[in-house]
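Chain by chain, the residues:
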Amino acid sequence: MRKIELEIVALSHSITQTHSYAVVLGEVNGLRRLPIVIGGFEAQAIAVALEKMQPSRPLTHDLMKNFMTAFSVELHEVVISNLQEGIFYSKLVCSNSEDTIEIDSRTSDALALAVRFGCPIYTYENILNSAGILLDDTTGKKANKPLSPTISEHEKGAEDNLHAMSLEDLNTLLGEVLEQEDYIRAITIRDEINSRKNEL
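Residues numbered from 1 in each chain as written. Predicted model: local features only at pLDDT ≥ 70, side-chain atom pairs only at ≥ 80, totals over all residues. Heavy atoms only, no water.

## So, the sheet that holds strand S5 (residues 87-95)
Here we have eight strands laid out as an open sheet, ordered S6-S5-S4-S7-S1-S2-S3-S8, and mixed in their pairing. Each end of this open sheet is capped by a strand with a single partner; those strands are strand S6 (100-106) and strand S8 (133-134). As paired strands, S5 and S6 are joined by seven bridges and run antiparallel to one another. Residue pairing across strands places Leu 92 opposite Ile 103, the latter belonging to S6. (Pairing = 2+ DSSP bridges. Helix = DSSP H or I, 4+ residues; strand = E, 2+ residues; numbered from the N terminus.)

Okay, structure coming up:
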């Protein structure tokens, strides 16, 4: 299977879920985005490395990098290799002077290490097809679409009732939520759209 290279394009705090974050991976030279829900600690670990901050004591992922470097283990790439029931699975492709091995990893940990090592991140076409979000244009933003009355009333409510919405309304809502960069909510809407398409 051909690997598709990704890069971290955003870390987003959820507007609707207090302690949830999404790391958004973008297809290199492409329009697809892959949002992945992560916890607060993992988001902090990625943000610290992206901003090149130097904590006074090593964080867990810094310790892991120091340990690997001390024993001459190189991290060559991270591969988001599988998606099952909404959970992403990843592998660290590592080598020393004698061997190359793949190590199973949580995706959030793999991304935190990828940023520290400066190594590429990959996934496969089937994962992007099932969990990715396609942007409408090359500017990186969804095209502006007016909200229908149903959706504007819906936005004022405390909770979404996605099951009651039409597929067209869901697609419009997805565009609006992406503009607000609430990727956590976008994942929920995308999953509802995909489940509707599977029923057809």
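## Observations regarding the side chain of Thr 172
Relative to the helices and strands, Thr 172 is located in helix H6 (residues 167-179). Within the local environment of Thr 172, its side chain forms a polar contact with the backbone oxygen of Glu 168, the two atoms lying 3.0 Å apart. (Polar contact = N/O pair within 3.5 Å; in protein donor to acceptor, adjacent residues only side chain to side chain.)

## A few points about helix H1 (residues 40-50)
Turning to H1, its buried residues are Glu 42, Ala 43, Ala 45, Ile 46, Val 48 and Ala 49. As for H1, its buried residues are in contact with strand S1 (3-13), strand S2 (20-27), strand S3 (32-39), helix H2 (60-70), S6 and helix H3 (107-117). In the segment just after H1, Lys 52 is the residue with positive phi, at about 55°. (Buried < 20%, exposed > 50% of the residue type's maximum accessible area, 1.4 Å probe, protein only. Contact = heavy atoms within 4.5 Å.)

## What about the nonpolar core?
What tends to happen in soluble globular proteins is that the nonpolar side chains get buried as a cluster. Judged by nonpolar contacts, the single largest core of 27 residues is most densely connected at Leu 25, Leu 34, Ile 36, Leu 75, Val 78 and Ile 80. Secondary-structure elements contributing two or more residues to this core are S1, S2, S3, H1, strand S4 (74-84), S5, H3 and helix H4 (125-131). Per element, the largest residue contribution to this core is five residues, and it comes from H3. Counting eleven residues, the second largest nonpolar core, distinct from the first, contains Leu 178, Ala 186, Ile 189 and Ile 193. (Core = buried A, V, L, I, M, F, W, Y, C linked by side-chain atoms within 4.5 Å.)

## Things to note about the packing of H1 against H3
Describing two packed helices takes the angle between their axes plus the distance from one axis to the other. At their nearest, the axes of H1 and H3 sit 9 Å apart, and the two run at 10° to each other. Judged on the interaxial angle alone, H3 and H1 are roughly parallel. Residues Glu 42, Ala 45, Ile 46, Val 48, Ala 49 and Leu 50 of H1 form the contact with H3, whose participating residues are Ser 108, Leu 111, Ala 112, Val 115 and Arg 116. In terms of residue class, the contact of H1 with H3 is made up of eight nonpolar, one polar and two charged. (Axes fitted to C-alpha atoms, helices over the stretch in contact; angles between N-to-C directions. Parallel < 35°, antiparallel > 145°, perpendicular 65-115°, else oblique. Nonpolar A, V, L, I, M, F, W, Y, C, P; charged D, E, K, R; others polar.)

## Some points on the pairing of S5
Two elements, S4 and S5, share nine bridges in a ladder whose sense is antiparallel. For Leu 83, the partnering residue across the bridge sits in S5 and is Phe 88. Counted along the chain from S4 to the antiparallel partner S5, the turn is two residues long, and its residue Glu 85 has a positive phi close to 50°.

Interpretation note: all reported values are geometric properties and have no functional meaning in isolation.
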